[in-house]
Amino acid sequence: MSGFASDPVEAQGGAVVPSSEEVKKPVVYSLRHGVKPPIARLAISWSRGNSLRVSVFRQPSSPENSGFEVGGKVVEVRLDNGDGEISDAQWRRIAYGSVSPFALLQSRKTTVSSLSKMSSNVSPYHVEWWEYVLEYSKDINSLLGNQKSPPQLLIEDPKAVLKKVEEPNGLKAAWELMELFFVDRLSQAWLPERLVDWLADYDGLFSGTQATVHSKLVDFQKNLVSLQVIEDDPKYWEVISSALAVGWLDIVVKLLRLHGSYQLDQLGNRETENGLVEAVAVLISKMPRMRPELEVGKLGECFKAKPDFMKAWERWRMQITKLECSAFWIQCAHHQTREGLRNMLQIMLGNTNNLCTATCHWMELYISHFLYIRPFTMGFESMYSLAQKCIQLKPIASSHRLMELIIGILGENIEVVLAECSREFSPWMVTHAMELLTAGSNQADILLHEEHYNLGGISMEELHRLVYAQVLSTHALTWQIAPIYLTSCMKQGMGLLEILLNKQPVNHNHLLLKNIEICRLYELDSVSSNIMKIAGMYHWKHGKKGAGVYWLQQARDEVRLNRIAQQMFDSVGKSISDESFRQWEGLIQLLGSESKPAGGLDFLHKYRDFKKSLLQICDGKTTDAACQAVESLVSLMKNPSTPQRFWLPLLYDSLKLLSWQERPLLNVLQTNLLLNKLQELSIARLRPDFIEADLPPHALNSVRLALAGNLGRAILEE
Amino acid sequence: MAITEIPIPPQVYRFPQSKFIDAVRWLPPLSPLSKFAVLATFDTDADTPSLETHSISSTSQWTPHSQWTAPSRISSLSTSHQLLIATSTLSGSLHVLSAAEMEVLFSIDENSGFHMGPIWGVDVMGSECVSVGEDGRVNLVSVNGGGEKGFRRVYDGNGLVGFNCVKWASPSEFVTGGFGFGLQWWDLRRPGADGPVSQFKGNFGSQGKGSGMVHSIDIHPSRKHTCLAGGSSGTVFAWDLRWQQQSIVLSGVGTGEAATHSLSESEVWEVQYDCYTKSSNITSSRVLPAMFCSEDGILAVVGQGQEPVELLAEPCAINSFDIDPQSPSDVICSLEWEAIAIVARL
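Analysis parameters
- Residues numbered from 1 in each chain as written.
- Chains lettered and ligands numbered in written order.
- Predicted model: local features only at pLDDT ≥ 70, side-chain atom pairs only at ≥ 80, totals over all residues.
- Heavy atoms only, no water.
- Contact = heavy atoms within 4.5 Å.
- Buried area = accessible area lost by both parts, 1.4 Å probe.
- Salt bridge = Lys/Arg side-chain N within 4 Å of Asp/Glu carboxyl O.
- Polar contact = N/O pair within 3.5 Å; in protein donor to acceptor, adjacent residues only side chain to side chain.
- Helix = DSSP H or I, 4+ residues; strand = E, 2+ residues; numbered from the N terminus.
- Nonpolar A, V, L, I, M, F, W, Y, C, P; charged D, E, K, R; others polar.
- Buried < 20%, exposed > 50% of the residue type's maximum accessible area, 1.4 Å probe, protein only.
- Arc of directions from axis to C-beta.
- Axes fitted to C-alpha atoms, helices over the stretch in contact; angles between N-to-C directions.
- Parallel < 35°, antiparallel > 145°, perpendicular 65-115°, else oblique.
- Left-handed = near helix turned anticlockwise from the far one by under 90°.
- Disulfide = S-S within 2.5 Å.

Asker: Quick rundown of the interface of chain B and chain A? Include the residues and the values.
Answerer: In this complex, chain B contributes 43 residues to the contact, which on the side of chain A involves 41 residues. Counting the surface lost from both chain B and chain A, the interface buries some 3,900 Å², and carbon and sulfur atoms represent 52% of this. Here chain B is connected to chain A by five salt bridges. For K514 of chain A, the salt bridge is made with E295 of chain B, and the minimal N-O distance between the two is 2.9 Å. The interface formed by chain B and chain A contains twelve residue pairs in polar contact (both at pLDDT 80 or more). Of all the elements in the fold, those that place two or more residues in the side of chain B that touches chain A are β13 (152-156) and β17 (198-201) of chain B. Of the residues belonging to the side of chain B that touches chain A, the class tally is 14 nonpolar, 16 polar and 13 charged.

Put into structure tokens, the structure is as follows:
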């Protein structure tokens with residue numbers, strides 16, 4: 001990607017425009033590189049996570065003015081995750097929070113499938129699968145909203161028509177939509193009403209791309225304070241009828257009660273007018289709703305059973321028709337009020353033209369159909385055809401990701417839903433929403449679990465999980481959750497997990513231990529020993545010998561321990577005989593226990609013991625100490641891991657033992673062993689690679705002499 | 001065994017932080033109605049490490065108080081009664097701050113030959129600070145200044161050893177911990193002795209598991225001969241100076257007797273004596289109850305010959321905790337998933 005020369009104009013602004021098929025609008029990131037133009041070269045590469053590393057190079061300038069000029073600079077550009085409404089920290093919080101529900105659902109899945117294999121008969125306590133998924137969905141949904149709710153005001157502002165609620169986000173809206181259609185069986189009977197609620201919560205999300213009832217209300221709310229005679233304003237009636245069309249009844253009634261005729265000084269001469277306004281308000285608040293319950297503050301009368309609802313619905317419409325034909329309308333002097341109220345009655349009677357003018361986009365029209373024309377629309381097929389009709393009446397001017405998702409859902413096209421999720425939302429969304437899609441539909445289940453040859457033999461489900469796991473892996477704080485998703489991937493998960501674990505940095509001890517802990521959880525012993533080997537070599541190379549030896553010991557890496565033992569003996573040979581022996585104490589302590597592999601290093605431990613007992617002899621201790629020293633010497637000389645180059649210094653150090661005054665300390669067998677070693681050493685000296693010990697030239701001879709003397713005395717003794 | 005009452009589960013309050021928390025400590029409260037804590041945080045988005053103090057009101061309202069940006073990621077945190085915060089960094093510098101104003105009182109940067117590479121442990125007692133690192137150096141720093149270099153080298157392991165943690169036992173004695181479940185007892189009154197006064201090496205890895213390391217040490221002010229340590233494989237053990245060759249294992253795998261009550265099998269990141277939990281029979285030979293937190297998300301209290309009590313089981317690691325010295329029923333812990341939890345025991 002390098003070699004791209006930018007022109008000076010762009011370099012001054014310092015902008016990089018990423019172009020990708022996914023991003024429809026180009027996003028401009030400004031760079032502050034502080035390198036003076038002309039810029040000769042620009043190199044771009046991926047850095048950690050979602051960052052680009054941009055290297056800016058200047059034209060090599062002439063030597064006289066290059067003194068204080070910066071020749072180039074490397075800057076990092078953090079790219080947005082494409083979803084501006086959710087910050088990185090929030091995304092991480094969602095990622096953390098969804099781990100437990102996801103893991104729980106996966107483990108339930110295994111339990112359920114193993115149970116169903118065991119016995120075909122269903123136990124009486126059997127919980128339907130979709131109920132588990134619903135629980136999962138609710139858990140996830142709770143993560144998506146903002147935790148903080150705005151403080152409740154004690155005294156309600158009469159003019160606050162729109163309640164301030166938490167900022168809705170598209171992710172939550174999409175999630176709830178999928179939960180509604182795919183998981184929640186209980187609310188299937190009143191799905192239209194659920195959609196009404198859904199739009200009431202999220203209509204504001206569409207305001208960014210088109211006019212909505214919500215945006216109309218927000219605008220009107222702003223002007224409300226300055227309005228003197230509210231009912232004279234055509235906007236007032238427009239907003240009321242729009243809110244009524246989408247079923248925001250509480251808002252409509254509240255607005256109606258702001259009507260001028262309610263004011264005490266006007267009540268007298270506008271009695272009929274006020275009576276009509278109130279009659280409409282009462283009719284609205286009595287609207288029959290086909291749903292089990294309503295939130296506090298919402299209006300309407302709930303009916304659970306269809307026949308009851310039908311009766312009430314007919315009666316309600318009769319009342320509207322009666323009011324419509326009433327003679328009072330002629331007595332109503334205020335033109336705007338009369339027309340506005342009659343328009344509202346038409347909306348309630350389900351006049352398509354009125355509904356069409358009152359609503360802003362097809363979703364709103366769709367909802368108004370459910371409310372006033374076809375409250376019993378059921379099943380995907382009829383809902384889809386109704387949606388098609390609404391789109392015809394109100395064509396989509398600018399598409400919105402939620403609208404496309406809804407069309408995909410209604411069209412019963414799992415592939416479209418999935419594609420929308422991955423295109424418009426995040427890999428997180430696809431991975432977690434897949435559980436919703438498969439909750440009730442066998443077809444979706446088959447589609448998502450079918451192995452695709454062109455995907456390398458993996459299923460769609462696995463593919464999306466792998467993608468999400470890779471997103472998690474790129475961040476320093478989330479890589480630890482990636483294994484949970486990777487291990488749920490049957491085909492390629494474990495392979496990728498091993499790569500992920502192997503690539504983590506080893507320099508930070510705590511991170512290293514966390515990494516090894518993950519290996520332990522998933523029984524990846526070979527990976528963990530590999531990581532420990534890397535850590536061991538890292539520490540060894542950085543001069544931390546203790547840490548290096550520790551990690552190599554943990555990894556049971558005999559080969560490397562042997563190699564570093566050879567290096568270490570060089571420094572031991574020089575320093576251990578000195579007083580700086582204590583320096584090595586800690587390391588030797590570490591090598592101490594017999595059970596662990598230490599390469600040739602266990603020699604050091606014995607050597608230390610031997611040295612200790614020699615020191616005791618020098619301090620004038622008894623023969624017992626000397627005997628102990630001899631034991632150590634013999635075991636050292638017997639031990640194959642004792643390097644050859646230490647043989648002579650060891651023997652030279654123990655000259656005093658070999659020529660002990662009181663009695664020969666070594667028996668014939670032991671003396672012979674040492675003599676043999678000495679012989680071996682003499683032969684080895686002829687080899688070119690032999691390293692001469694740093695000892696006086698007569699050392700060998702004096703040792704030989706002492707050994708011979710000891711041999712003689714030992715023979716005599718025996 | 002006597003039938004005990006079913007313990008009332010503690011109240012847990014969680015506070016998301018949107019930053020990684022490396023360490024957490026209580027501080028003496030600024031006002032009687034609120035609590036005060038210091039967090040060592042690391043903001044990965046901005047790549048900035050910092051120390052933050054927060055006050056927590058009785059209604060669990062969380063308010064940031066003051067902040068100080070550290071030169072490098074914070075590796076260890078220690079507080080003293082005099083409202084001092086001692087903190088060390090991964091680059092090898094040490095800083096002492098006043099808790100109330102977050103003002104740097106004393107600082108040693110990494111280029112002064114202080115430590116090579118990360119300092120893993122720091123402990124402050126009175127105005128004396130001891131620091132240990134991966135490089136095997138043990139340094140003393142007096143907050144009141146003193147010495148040309150600003151510090152005194154007690155020992156230089158030249159990388160042949162490395163230390164993970166340190167804790168004062170008395171104004172002249174301290175204990176360090178490191179690889180191979182090793183503990184070292186140091187006495188500043190013994191000059192000439194180049195190295196620790198006595199050493200202990202744990203040999204817990206009997207089931208084919210390797211050795212481990214010590215991550216945290218605590219010493220009770222009234223029983224300074226017993227040293228509490230926590231480390232790999234869920235191990236919590238006590239080392240009594242009077243019986244140096246053996247240790248008392250309170251929790252951990254791989255040990256025959258203690259294996260029955262092992263709550264955790266992963267790294268124990270921190271241990272502290274828990275003065276809130278009353279031991280059933282207090283004798284001088286028994287180890288006082290200890291609290292620990294672990295990589296597998298356990299916060300629990302263990303005692304010698306007592307059933308362990310689990311206070312918190314999180315889906316993510318609990319990296320550090322602190323028991324409030326003023327009201328020991330309250331425990332603050334930092335969770336791996338960028339959050340703080342406060343556990344209030346009833």
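Asker: So what's going on with helix α18 (residues 414-424) of chain A? Residues and values would help.
Answerer: All names here are of chain A. Restricting attention to buried positions, one finds in α18 the residues I414, V417, L418, E420, C421 and E424. Projected down its long axis, α18 shows its buried positions confined to an angular sector of 160 degrees, all on one face. Against the buried residues of α18 lie α4 (170-183), α17 (401-410), α19 (427-437), α20 (442-449) and α21 (460-473).

Asker: Go over the packing of helix α11 (residues 306-324) of chain A against helix α13 (residues 335-348) of chain A with me, naming the residues and quoting the values.
Answerer: Residue and element names in this part refer to chain A. Packing of α11 against α13 leaves a shortest axis separation of 10 Å and a crossing angle of 150 degrees. Judged by the angle between their axes, α11 and α13 are roughly antiparallel. Regarding α11 and α13, the two cross each other, and that crossing is left-handed. Across the interface between the two elements, W316, R317, I320, L323 and E324 from α11 touch R342, L345, Q346 and M348 from α13. Looking at side-chain class alone, the contact of α11 with α13 contains five nonpolar, one polar and three charged residues.

Asker: Mind laying out the state of the cysteines, listing which residues take part and the relevant values?
Answerer: Enumeration over the complete set of coordinates arrives at zero disulfides over all chains. Residue C489 of chain A stays outside any disulfide, its sulfur separated by 18 Å from that of C421 of chain A, the closest cysteine. Given the relative accessible area of 3%, C489 of chain A is considered buried. The thiol sulfur of C316 of chain B is not disulfide-bonded, and the nearest other cysteine sulfur, from C333 of chain B, lies at 10 Å.

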